[in-house]
Amino acid sequence: MKIGLRFKFLIMIFLVISILMLAVIGILESYIRGTLVAESIEKGTAIAKSMAASVVDPIQSGDDLALFSSVNGMTGNRGVVYGFVVGSDNVIKAHSNMDMAGKNYSPSGRDIIKKGNDATISVSRGSDTIYDIAVPVYSVREGNIGYAHIGFSQSVVDEVIRGVRQKIIYLAIGAFFISSLGSFALASVMVKPIKLLVQG
């Protein structure tokens, strides 16, 4: 079966538009994900710093009740999956999972993505990607007396991305339909002069 010139132009334009749309969707999703992850880490760092400030006195006084209260108060934030405080002896003083309290802290299985004086951020990847944000706990008298840790789940970001992706797909389908009509009209305009030349 002979394929018409107009149809060939239409297919070519259709493929170009499809590739461009997929590229735009990929770039937008990547940009949005990067922005949301950065904002989430910034939010998690602020929570960890707030927790670090609130546990100074309980650590020095040995007030376990106040220590656990401070940790649990911070883990109520959306996206925060755990919180804990490690003493200068590397022992977990308080944890949102009470079974972890009193155990030695081991940061194995995480990749450090940022290390600074104010915060250390590491990530563990599995069924869920968790960003661990560690902030030093400072005492005016004793200096660094431990670290406050917050675990922030990327699942919150992924949930937002899924919603954004769905909206982008709806917009892409609409744009695709309109561009298909435009492609047909453009193909007709481009093919007509060629046909006239062929016919002489």
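Preceding this section is the structure that the text describes.
Residues numbered from 1 in each chain as written. Predicted model: local features only at pLDDT ≥ 70, side-chain atom pairs only at ≥ 80, totals over all residues. Heavy atoms only, no water.

1. Here's the deal with the nonpolar core
Membership of the largest hydrophobic core comes to 29 residues, with the highest contact counts inside it found for M51, V55, I59, V85, V135, V137 and I150. Of all the elements, helix α1 (residues 5-54) adds the most residues to this core, at six residues. In this structure, Y82, F84, Y105 and I130 belong to the second largest nonpolar core, which totals six residues. (Core = buried A, V, L, I, M, F, W, Y, C linked by side-chain atoms within 4.5 Å. Buried < 20%, exposed > 50% of the residue type's maximum accessible area, 1.4 Å probe, protein only. Helix = DSSP H or I, 4+ residues; strand = E, 2+ residues; numbered from the N terminus.)

2. Comments concerning a nonpolar patch on the surface
On the surface, a nonpolar cluster with roughly 240 Å² of combined accessible area is contributed by I11, F14 and L15. Mapped onto the fold, L15 is located in helix α1. (Patch = residues over 30% accessible without salt bridge, like charges linked within 9 Å, V, L, I, M, F, W, Y side chains within 5 Å. Areas by Shrake-Rupley, 256 points an atom, 1.4 Å probe, with all protein chains shown as cover. Salt bridge = Lys/Arg side-chain N within 4 Å of Asp/Glu carboxyl O.)

3. Details of the pattern of salt bridges
Going through the model one piece at a time under the given rule, you end up with five salt bridges. When the shortest N-O distance is used, the salt bridge between R33 and E29 registers 3.8 Å. Residue R33 and its partner E29 are located together in helix α1, separated by four residues, close to a single helical turn. The closest approach of N and O atoms between K93 and D89, which form a salt bridge, is 3.1 Å. Exposure remark for K93: the relative accessible area of 30% places this residue in the partly exposed category. For D89, a relative accessible area of 45% corresponds to the partly exposed category. By sharing partners, the salt bridges in this structure join E29, R33 and D158 into a single network.

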